Amino acid sequence: MISADYDLVIVGAGPAGLTAGIYAARARMKVLCLEKTAPGGQILVSDHVENYPGFPEGISGAELVSHMQRQAERLGLPIESGDVLYADFAGPVKSLALSDRTISARSVIVATGASPRRLSVPGEAQFYGKGVSFCATCDGPFFRGQDVAAVGGGDTAVQESLFLARFARKVYLIHRRDALRAAAILQERAQAEPKIEMVWDSVVTAVKGLDAVESLAVKNVKTGAERLLPVSGCFVWVGVLPNTEFLSGVVKLDQGGFIITGPRMETSVPGVFAAGDCRDTPLRQVATAVGDAAIAAMSAEQYVASLY
């Protein structure tokens, strides 16, 4: 057996990474979980999660992740801060280069999640943190009594718009189509919320202002009509991009940069697995991330056992 620092290294400590860690720790693998920011991932900023089984009244994303982290650590999972800059999976022992060290492992689970997609329009980057935000829970209270815009049509966009309505005077929900993609129950709540006004068939073409956001240039994609929407804040939820930059040329990715996996969460490289939002999956939810991770951890355990 070729020596390595760990049986398994898990990259990412969101719901997928923590779940994989729970399974690996219970299997008594020598395991390490790396997280470049703080444990939790995107779900940390979710005000209310009501579709994860076991919490009939719902639970905040931060509280849910806190439960997961405490459970993983109680079972013996070490979680360390570290950003993987480069990965070498060519040999039987996998190598992960961090800024201050290199770690070797017999198997790896990539659970790096995804980050919010940007609009990529003029003014968006300029006013990030000055009215442009990707987190209603973080920044919504700053816009009490003001008019804001939310961009998107999925579950996150609608749920966060409902959260913004607690503080804002009005929430313009801008969507490029004439129907939302969000779950029916969320659509019903949005339609019943008098502070939310739908802006259908429209896209943001620019974010405008002097020192902070003052308005959005909005274009109707069907008629071509343009107008300025006076708002103090612009909250963007138009999809995600996978956090897989360090894997380019290392494992097979799809055109969007998501990791291609098989039914056992295996990647194109033996001994390397993926779970959660970073992989090619039709649904990106906490429940699916947890399911992916359980399979990935079992697969990693069996792979390492086969090396002995």
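Below, the structure is looked at part by part.

So, about the pairing of strand β15 (residues 233-236). Here β15 shows no split at all, with Gly233 and Phe235 on one side and Cys234 and Val236 on the other all buried. Pairing analysis gives two bridges linking strand β8 (residues 132-133) to β15, with the strands arranged parallel. Residue pairing for β15: Val132 is matched across the bridge by Cys234. Pairing geometry for strand β9 (residues 147-151) and β15, over four bridges, is parallel. Following the sheet pairing, Val151 is matched in β15 by Val236.

Here we take up the pairing of strand β12 (residues 202-209). Bridge analysis of β12 against strand β13 (residues 213-220) gives seven bridges, and the strand direction is antiparallel. Each residue of the ladder has a partner; that of Val204, found in β13, is Val218. Hairpin connection of β12 to β13: three residues between the antiparallel strands.

Using the criterion set out here, one finds six aromatic pairs in the structure. With a centroid separation of 5.6 Å and an interplanar angle of 75 degrees, the aromatic rings of Phe143 and Phe235 are classed as edge-to-face. Remark: Phe235 occurs in strand β15 and Phe143 occurs in the loop between α3 (136-139) and β9; sequence separation between them is 92 residues. The pair Phe143 / Phe235 is uniform in exposure class, with both members buried.

This structure, assessed with the given rule, holds ten salt bridges. Of the charged contacts, one joins Asp7 and Arg106 as a salt bridge, the two residues approaching to 2.9 Å between their closest N and O atoms. Of the two residues, Asp7 is situated in strand β1 (residues 6-11) and Arg106 in strand β6 (residues 102-110); the sequence distance between them amounts to 99 residues. Overall, Arg106 belongs to the buried group, its relative accessible area being 11%. Residues joined in a network through salt bridges with shared partners are Glu80, Asp100 and Arg101.

Neighbouring strands of a sheet are bound in pairs by backbone hydrogen bonds; such pairs are parallel or else antiparallel. The sheet built from five strands is open, its strands ordered β8-β15-β9-β10-β11 with parallel pairing. In this open sheet, the two edge strands, each paired with only one partner strand, are β8 and β11 (196-199). The strands that helix α4 (residues 155-164) touches are β9, β10 (170-174), β11 and β15; relative to β10, the one it contacts most, it runs at about 170 degrees.

The next point concerns helix α6 (residues 286-307). With 22 residues, α6 extends 32 Å from end C-alpha to end C-alpha; this agrees with the ideal 32 Å at 1.5 Å per step. Along α6, the positions that sit buried rather than exposed are Val286, Ala289, Val290, Asp292, Ala293, Ala294, Ala296, Ala297, Ser299, Ala300, Tyr303 and Val304. The secondary structure elements touched by the buried residues of α6 are β1, α1 (15-26), α2 (61-74), β5 (94-97), β6 and β17 (272-274).

Another aspect to go through is the state of the cysteines. Here a disulfide denotes one covalent bond, and it connects the sulfur atoms of two cysteines. If you walk through the whole model with that rule in mind, you get one disulfide. Between the sulfur atoms of Cys135 and its disulfide partner Cys138 the distance amounts to 2.1 Å. Taking the sign of the S-S torsion, 75 degrees for the link of Cys135 and Cys138, the bridge is right-handed. Here Cys135 falls in the buried class, since its relative accessible area comes to 8%. No disulfide involves Cys33; its sulfur sits 12 Å from the nearest other cysteine sulfur, which is in Cys278. The exposure class of Cys33 is buried, given its relative accessible area of 0%.

Glancing now at the packing of α1 against α2. Remark: α1 packs on α2, axes separated minimally by 9 Å, with the N-to-C direction vectors making an angle of 25 degrees. For the element pair α1 / α2, the angle class is roughly parallel. For α1 against α2, the interelement crossing comes out left-handed. Residues Pro15, Leu18 and Ile22 of α1 lie in contact with α2, whose contacting residues are Val65, Met68, Gln69, Gln71 and Ala72. Per-class residue counts for the contact of α1 with α2 are six nonpolar, two polar and no charged.

Before going further, it helps to spend a moment on the side chain of Asn243. Structurally, the position occupied by Asn243 is in the loop between β16 (240-242) and β17. Overall, the relative accessible area of 16% leaves Asn243 in the buried class. When neighbours within four sequence positions are excluded, Asn243 is seen to be in contact with Thr112, Gly113, Ala114 and Ser115.

Estimates place the volume of the second largest pocket at around 160 Å³. Lining the second largest pocket are Thr19, Ile22, Tyr23, Arg26, Tyr52, Phe55, Leu64, His67, Met68, Gln71 and Val290. Sorting the residues of the lining of the second largest pocket by element identifies α1 and α2 as the ones contributing at least two each. Split into classes, the residues belonging to the lining of the second largest pocket amount to seven nonpolar, three polar and one charged.

Cut-offs used in this document
- Residues numbered from 1 in each chain as written.
- Predicted model: local features only at pLDDT ≥ 70, side-chain atom pairs only at ≥ 80, totals over all residues.
- Heavy atoms only, no water.
- Buried < 20%, exposed > 50% of the residue type's maximum accessible area, 1.4 Å probe, protein only.
- Helix = DSSP H or I, 4+ residues; strand = E, 2+ residues; numbered from the N terminus.
- Pairing = 2+ DSSP bridges.
- Phe/Tyr/Trp six-rings, centres within 6.5 Å; stacked < 30°, edge-to-face > 60°.
- Salt bridge = Lys/Arg side-chain N within 4 Å of Asp/Glu carboxyl O.
- Contact = heavy atoms within 4.5 Å.
- Axes fitted to C-alpha atoms, helices over the stretch in contact; angles between N-to-C directions.
- Expected span 1.5 Å × (residues − 1).
- Disulfide = S-S within 2.5 Å.
- Parallel < 35°, antiparallel > 145°, perpendicular 65-115°, else oblique.
- Left-handed = near helix turned anticlockwise from the far one by under 90°.
- Nonpolar A, V, L, I, M, F, W, Y, C, P; charged D, E, K, R; others polar.
- 1 Å grid on protein atoms, 1.4 Å probe; cavity = no way out; pocket = protein on both sides within 12 Å on 5 of 7 lines; lining within 4 Å.
- Points joined across faces, edges and corners; volume = space filled by probe spheres on them.

Coordinates in, geometry out; function isn't part of it.
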